[in-house]
Amino acid sequence: MDGLKVEEEHCMFETSHVLGALLASSPLLKQAWGRCVHANAGGSSFVLQRCDDAVYVAFSSTPSSTPTALGGGFFDPVPISSGGHELFAPLEGAAQPVLVHAGALHLFLSSYRSPDFQMLITETRNKSVIFAGHSVGGSIASLAALYFLCSSSRPDAPSPASLLCITFGSPLLGDETLSRAILRERWGGRFCHVVSQHDIMPRLLFCPVNALPPQLAMSICTLMQSWHLSMRYLQFPRPALQLTDDQKAELQGYISMHIDAAASEQTQHISRYRPFGNYALCSAEGAVCIDDPLVAAKMLHLTFTTGSESINFEEQHISYGDLVVELSQKLQFKRRLHLEEDAPKSNRSAGVSLALEASGIGIQDMGAMEAREWLETSMRRRPKLHCASLAIKLAKVTPCRAQIEWYKALCDDDTGYYDSFKLRKASKKDARVNMNRIRLGQFWDELLDMIQNNKLPPDFHKRSKWVNAAQFYKLLVEPLDIAEYYRCQWPRTRRHYLTHGRERRYEVFDRWWNDRNKEAPEKAAAHRKRSKFAGLTQDSCFWAKVEEARDSVKNAWAEKNPTKLVKLWENLHGFESYANGLMRRKEVSVDVLAPLSSYSLWVEELKDLKSKQACRLPSSSVLVGVTGGT
């Protein structure tokens with residue numbers, strides 16, 4: 001098995017540099033940057049331009065309220081729903097609120113309330129739209145894209161036919177809750193954040209900006225003022241500004257330390273901001289695209305600390321136009337991988353080396369080995385690969401499920417599926433079904449472990465294939481787990497299954513199914529209308545409730561305390577009403593009505609109890625009502 005795993009890894013391709021080359025070769029970056037320059041030099045909050053069949057919407061990074069200093073709470077994290085609006089409702093719902101930086105949210109809401117934005121909503125309807133922004137304008141563009149993505153979930157809302165958001169040197173927008181929500185909604189591919197190798201702004205919010213050392217705060221404020229003037233007034237020469245080598249080293253060290261802490265998920269890390277979407281990390285050698293937020297944070301750290309001795313920090317943030325042109329020209333020349341060591345041993349190794357080169361990390365640089373490890377980790381962490389592997393495993397355990405279905409079809413007509421397994425003998429057929437039950441449980445437990453360890457996509461629990469597969473497994477196999485529990489555990493513990501025996505996986509699958517029905521109530525209602533009995537009882541815990549009801553009948557025979565007796569009769573009457581509803585809606589399998597099934601036996605026991613208990617009950621209106629007397 002280990003040899004097979006190694007062989008599979010050697011056959012894997014590292015494609016981040018290929019995606020980076022594809023992005024750089026397209027006209028998207030050049031056209032998006034051109035609109036950003038136009039927006040920054042104009043007086044409005046955004047500009048809208050049509051290009052062929054697409055609509056470009058670029059947001060300005062130089063409105064009057066954009067900060068040129070770090071104070072004033074501009075970069076403080078605030079709930080995305082601040083102000084009582086529900087523009088981003090689909091992103092909410094987690095235990096923790098979604099946080100974004102206050103300044104970008106304020107600028108977006110100001111733009112949203114303007115007549116121009118309402119015109120924008122009309123202009124972009126059913127069109128291909130590309131939102132773009134440089135610096136803080138990129139944060140506003142991201143919020144605008146999120147607004148349109150959220151509104152597209154409402155069938156009556158006007159929305160673009162397709163949407164992409166491209167940012168250049170944009171500061172981090174939100175916290176980990178936002179990142180997870182975007183992954184959950186499968187919107188990560190709609191965002192491409194272009195980041196130059198030594199640009200400070202996209203990395204700044206990894207640091208606690210309100211607690212910067214005074215000298216660093218002064219250096220950053222000076223840079224921000226210079227950037228603001230350069231982007232706003234293109235007709236004038238750029239202000240002369242030069243940080244000393246000591247200032248550069250101090251600034252680089254401080255920012256690098258906090259990025260590294262965030263990428264290492266250290267508990268003492270102060271800043272809440274985290275990456276989301278795809279990051280195009282660009283250097284003079286090319287570009288790599290990273291879609292894993294944790295790997296993106298680590299690569300933001302490693303690329304920033306490599307080859308920065310002669311870098312002009314002042315120019316990096318405002319030179320994306322030159323970078324885009326340079327990347328496009330770079331692709332006209334054939335890149336050849338120069339290795340001082342032996343040739344790569346596998347496709348994956350060669351791909352990782354090319355990705356390192358494209359990101360600007362040389363083979364001899366100090367962070368090269370760590371960057372290689374993180375790129376390889378990114379390949380192993382890719383949820384889509386794990387999801388595909390899991391689908392193969394599901395196919396391999398499907399015969400176990402088929403054998404249980406076959407067993408159910410051949411069960412004794414007198415006892416039914418549940419009781420046949422509960423009262424089984426030591427036959428090979430029964431032993432095989434029990435083994436298949438255990439194997440299926442192991443598969444689904446492994447799946448839940450992968451979800452808990454973030455190895456599967458965040459929206460996995462919303463995918464119909466897996467929700468339906470989990471629901472079918474639960475309906476088919478949980479009755480067997482209940483039968484096994486009352487066969488082995490109940491005689492010893494006298495504790496019922498629902499409170500002491502139910503596996504966590506079934507509770508999780510209940511939530512998946514209920515969440516799906518909440519999102520599509522019409523389909524769920526239509527699904528309940530049946531003309532014949534269901535193939536599987538639609539309440540997987542039905543037999544556990546039957547066992548509790550039978551136990552209540554037994555206790556009612558012996559109970560002398562009137563208060564407790566009333567409670568027992570209330571429980572019995574409640575289950576009787578519930579079961580009758582299932583029968584009326586035909587949501588039970590026909591084997592439930594087998595003559596010797598536990599349910600049929602309970603019905604007879606209840607009738608006997610009612611007829612004999614009626615003579616013993618005291619003249620209490622409560623008891624008479626519970627038992628159905630007059």
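Just so it is clear, the structure is predicted and the values come from calculations on it, not from any experiment.

Undergrad: Got a minute to help me understand the overall build of the chain in this structure?
TA: Helix and strand counts for the chain come out as 27 helices and 11 strands. Of all intrachain contacts in the chain linking residues separated by at least 6 positions in sequence, the fraction that spans at least 24 positions is 78%. Accessible surface, the chain as shown: approximately 30,300 Å² in total, 53% of it carbon and sulfur.

Undergrad: Sorry if this is basic, but what is going on with the sheet that holds strand 1 (residues 46-51) here?
TA: Through backbone hydrogen bonds, the strands of a sheet pair up, either in parallel or in antiparallel fashion. An order of 1-2-5-6-8-10-11 is seen for the seven strands of this open sheet, with the pairing classed as mixed. Each of the sheet's edge strands pairs with one partner strand only, and the pair in question is strand 1 and strand 11 (286-290). For this sheet the average axis-to-axis angle between neighbouring strands, irrespective of direction, equals 20°. Helix 2 (residues 16-25) rests against strand 8 (191-196), strand 10 (278-283) and strand 11 of the sheet, and its axis sits at about 115° to strand 11.

Undergrad: Explain helix 16 (residues 383-409) to me, please; I cannot follow it from the model alone.
TA: Spacing of three or four residues puts side chains on the same side of an α-helix, whose turn is 3.6 residues. Across its 27 residues, helix 16 extends 37 Å between first and last C-alpha, which sits within 8% of the 39 Å expected from 1.5 Å per residue. Turning to helix 16, its buried residues are His386, Cys387, Leu390, Leu394, Val397, Cys400, Ile404, Tyr407 and Lys408.

Undergrad: How should the pattern of salt bridges be read in this particular structure?
TA: Pairing is possible between side chains that carry opposite charge, provided their charged atoms lie close to one another. A complete count under the given rule lists 20 salt bridges for this structure. Across the pair Glu547 and Lys422 runs a salt bridge whose closest N-O atoms are separated by 2.7 Å. Highlighted residues: Glu547 in helix 24 (residues 542-558) and Lys422 in helix 17 (residues 416-422), separated in sequence by 125 residues. This pair shows no difference in class: Glu547 is buried, exactly as Lys422 is. A salt bridge links Arg437 to Asp481, with the shortest nitrogen-to-oxygen separation between them at 2.7 Å. A residue pair is termed long-range when its members are at least 10 positions apart, and Arg437 in helix 18 (residues 428-452) and Asp481 in helix 19 (residues 464-488) qualify at 44 residues.

Undergrad: Please explain unusual backbone geometry as it appears in this structure.
TA: Leaving glycine out, the prevailing phi sign among residues is negative, and the prevailing peptide bond configuration is trans. One non-glycine residue, Ser135, adopts positive backbone phi at about 60°. Within the secondary structure layout, Ser135 lies in the loop between strand 5 (128-134) and helix 6 (136-151). By relative accessible area, Ser135 is classed as buried at 5%.

Undergrad: Help me out: how do you make sense of the nonpolar core in this one?
TA: In a soluble, globular protein the nonpolar side chains are often hidden away together inside. Ranked by size, the top nonpolar core spans 91 residues in total, and within it Phe88, Leu91, Phe108, Phe131, Leu143 and Leu146 carry the most contacts. The leading source of residues in this core is helix 6, at 11 residues. Apart from the residues within four sequence positions on either side, Phe88 is in contact with Ile80, Leu105, Phe108, Leu143, Leu146, Tyr147 and Cys150.

Undergrad: Help me out: how do you make sense of the pairing of strand 10 in this one?
TA: Counting buried positions along strand 10 gives six out of six residues, so the element sits mostly inside the fold. Burial of strand 10 is two-sided: the residues Asn278, Ala280 and Cys282 facing one way and the residues Tyr279, Leu281 and Ser283 facing the other way are all buried. In the sheet, strand 8 pairs with strand 10 via five bridges, with the strands oriented parallel. Paired with Cys192 across the bridge in strand 10 is Asn278. Both strand 10 and strand 11 contribute to a ladder of five bridges, which runs antiparallel. Bridged to Ser283 within strand 11 is Gly286. Connecting strand 10 to the next strand, strand 11, in antiparallel fashion are two residues.

Undergrad: Would you explain the packing of helix 10 (residues 245-263) against helix 11 (residues 293-304) in this entry?
TA: The relative placement of two packed helices is expressed as an angle between their axes plus a distance between the axes. Two numbers describe how helix 10 lies on helix 11: the axes approach to 9 Å, and their chain directions differ by 155°. Here helix 11 runs roughly antiparallel to helix 10, going by the angle between their axes. As helix 10 packs across helix 11, the resulting crossing turns out to be left-handed. Residues Gln252, Ile255, Ser256, Ile259, Asp260, Ala262 and Ala263 of helix 10 form the contact with helix 11, whose own contacting residues are Leu294, Ala297, Lys298, Leu300, His301 and Phe304.

Undergrad: Can you walk me through the side chain of Ser598 in this structure?
TA: Positionally, Ser598 belongs in helix 26 (residues 598-616). For Ser598, the side chain forms a polar contact with the side chain of Asp419, separated by 2.5 Å.

Undergrad: Help me understand the environment of Gly20, please; the structure alone is not making it clear to me.
TA: Within the element layout of this structure, Gly20 appears in helix 2. Separated by 260 residues in sequence, Gly20 and Ala280 have C-alpha atoms that sit 6.6 Å apart. Excluding anything up to four places from it in sequence, Gly20 contacts Ala287, Val288 and Cys289.

Undergrad: What exactly am I supposed to notice about the side chain of His134 here?
TA: Mapped onto the secondary structure, His134 falls in strand 5. Judged by relative accessible area, His134 falls into the buried class, the value being 0%. Of the polar contacts made by the side chain of His134, one reaches the backbone oxygen of His317; its length is 2.7 Å. Look past the residues within four positions of His134 in its chain and what remains in contact with it is Trp33, Cys36, Asn40, Phe59, Ser61, Phe168, Met231, His317, Ile318 and Tyr320.

Definitions and cut-offs
Residues numbered from 1 in each chain as written. Predicted model: local features only at pLDDT ≥ 70, side-chain atom pairs only at ≥ 80, totals over all residues. Heavy atoms only, no water. Helix = DSSP H or I, 4+ residues; strand = E, 2+ residues; numbered from the N terminus. Contact = heavy atoms within 4.5 Å. Areas by Shrake-Rupley, 256 points an atom, 1.4 Å probe, with all protein chains shown as cover. Pairing = 2+ DSSP bridges. Axes fitted to C-alpha atoms, helices over the stretch in contact; angles between N-to-C directions. Expected span 1.5 Å × (residues − 1). Buried < 20%, exposed > 50% of the residue type's maximum accessible area, 1.4 Å probe, protein only. Salt bridge = Lys/Arg side-chain N within 4 Å of Asp/Glu carboxyl O. Core = buried A, V, L, I, M, F, W, Y, C linked by side-chain atoms within 4.5 Å. Parallel < 35°, antiparallel > 145°, perpendicular 65-115°, else oblique. Left-handed = near helix turned anticlockwise from the far one by under 90°. Polar contact = N/O pair within 3.5 Å; in protein donor to acceptor, adjacent residues only side chain to side chain.

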